[in-house]
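# Descriptive analysis of the structure
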Amino acid sequence: MARSALTRDEVLDTAAALVREHGPDALTMRRLAAELGTAVTSIYWHVGNRESLLDALVARTVADLGTIRPRGATPAERIVSVARALRRALRERPHLVAMVHERGLTERMFLPAQRALVHEAHAAGLRGARAARAVRAVQFQVVGYVLVERNRERAPAQSPAEEELWRGEEAEADGPLARALAAPIDTERLFTDSVRALVDGLLASTSRDIADIKNTEGGAVGRGPYSQ
């Protein structure tokens, strides 16, 4: 039975799946045509040559990372939700993200997430350079964490592994610590805990400053010409 008419979105979906699973080198027009059950000429008609196809995949990846939406009842919760969504998006498409980077569009790709973080930083009372530092701190935390995860996954098997090294360690007489370090890492929980700690620290300094300002203003009001 003849297949239904091919669409550009179907070509891009299949191409993206090939890159996600096997990397850019695996994406040839012949292989893509075979995956789609169509002729190579049909692929060219829909997306042009291979470079045009890669450009389209890069543009789609940039657009996909623009769909991140904050969730939560407080600015802190929403900032953490953006960080988690950004990490998930980067983890799901490493080869596509690498292609974006190679084409010099990394900053453009991160702009929507930065905008979401700016909005929540403002909602939390941060302004100016402080808001900018918070946005970048969260972004760098996400990117750095993902790079560490990827490096650990691609590294050769370690012998002895971290778990084995800590089984015989006393950890300064802290048994529970040694057992925890000998256990497998819950990367999702560790990421969430680290981002929450970072965000709480960034927002706590703002809360203290606001309290200091209020106390100063209150003190100034109380010191009138007749005050002792």
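This one's a predicted model, so the numbers in the text were calculated from it and none came from an experiment.

Viewed as axis vectors pointing N to C, helix α5 (residues 75–92) and helix α8 (residues 128–154) meet at an angle of 35 degrees, and their least axial separation amounts to 10 Å. Once α5 is placed against α8, the crossing between them reads as right-handed. Where α5 approaches α8, its residues Ile79, Ala83, Leu86, Arg87, Leu90 and Arg91 are matched on the opposing element by Val138, Val142, Val143, Tyr145, Val146, Glu149, Arg150 and Glu153.

Over the atoms a probe the size of a water molecule is rolled, and this reveals where empty space is left. Quantified by volume, the largest pocket comes out at close to 490 Å³. Taken together, 19 residues form the lining of the largest pocket, with Leu90, Val97, Val143, Val146 and Leu147 sitting closest to its centre. Looking at the lining of the largest pocket, the elements that each hand over two or more residues are α6 (94–102), α7 (106–123) and α8. No other element matches the eight residues that α8 contributes to the lining of the largest pocket. Classifying every residue of the lining of the largest pocket gives 10 nonpolar, five polar and four charged. Each pocket or cavity is described by its volume, and for the second largest pocket that value is around 180 Å³. Every residue lining the second largest pocket is listed: Thr67, Ile68, Arg69, Arg71, Ser81, Arg84, Ala85, Arg88, Ala89 and Glu92. Residues belonging to the lining of the second largest pocket are distributed by class as follows: three nonpolar, two polar and five charged.

For the structure on display, the rule yields one cavity of 30 Å³ or more. Among the secondary structure elements, those contributing two or more residues to the lining of the largest cavity are α7, α8 and α11 (187–222). Taken together, the residues that form the lining of the largest cavity break down as 10 nonpolar, no polar and no charged.

It is worth spelling out the environment of isoleucine 79 at this point. Within the fold, isoleucine 79 resides in helix α5. With relative accessibility at 7%, the residue isoleucine 79 sits in the buried group. Counting along the chain gives 117 residues from isoleucine 79 to arginine 196, while the straight-line C-alpha distance between them is 8.8 Å. Among all residues touching isoleucine 79, those that are not within four sequence positions of it are Leu117, Glu120, Ala121, Val138 and Val199.

We now examine the packing of helix α1 (residues 8–22) against helix α3 (residues 40–47). Relative to each other, α1 and α3 sit at 105 degrees, their axes nearing to 9 Å. Judged by the angle between their axes, α1 and α3 are roughly perpendicular. Contacts from Arg8, Val11 and Leu12 in α1 reach Ile43, His46 and Val47 in α3. In terms of residue class, the contact of α1 with α3 is made up of four nonpolar, one polar and one charged.

What counts as what
Residues numbered from 1 in each chain as written. Predicted model: local features only at pLDDT ≥ 70, side-chain atom pairs only at ≥ 80, totals over all residues. Heavy atoms only, no water. Axes fitted to C-alpha atoms, helices over the stretch in contact; angles between N-to-C directions. Helix = DSSP H or I, 4+ residues; strand = E, 2+ residues; numbered from the N terminus. Left-handed = near helix turned anticlockwise from the far one by under 90°. Contact = heavy atoms within 4.5 Å. 1 Å grid on protein atoms, 1.4 Å probe; cavity = no way out; pocket = protein on both sides within 12 Å on 5 of 7 lines; lining within 4 Å. Points joined across faces, edges and corners; volume = space filled by probe spheres on them. Nonpolar A, V, L, I, M, F, W, Y, C, P; charged D, E, K, R; others polar. Buried < 20%, exposed > 50% of the residue type's maximum accessible area, 1.4 Å probe, protein only. Parallel < 35°, antiparallel > 145°, perpendicular 65-115°, else oblique.

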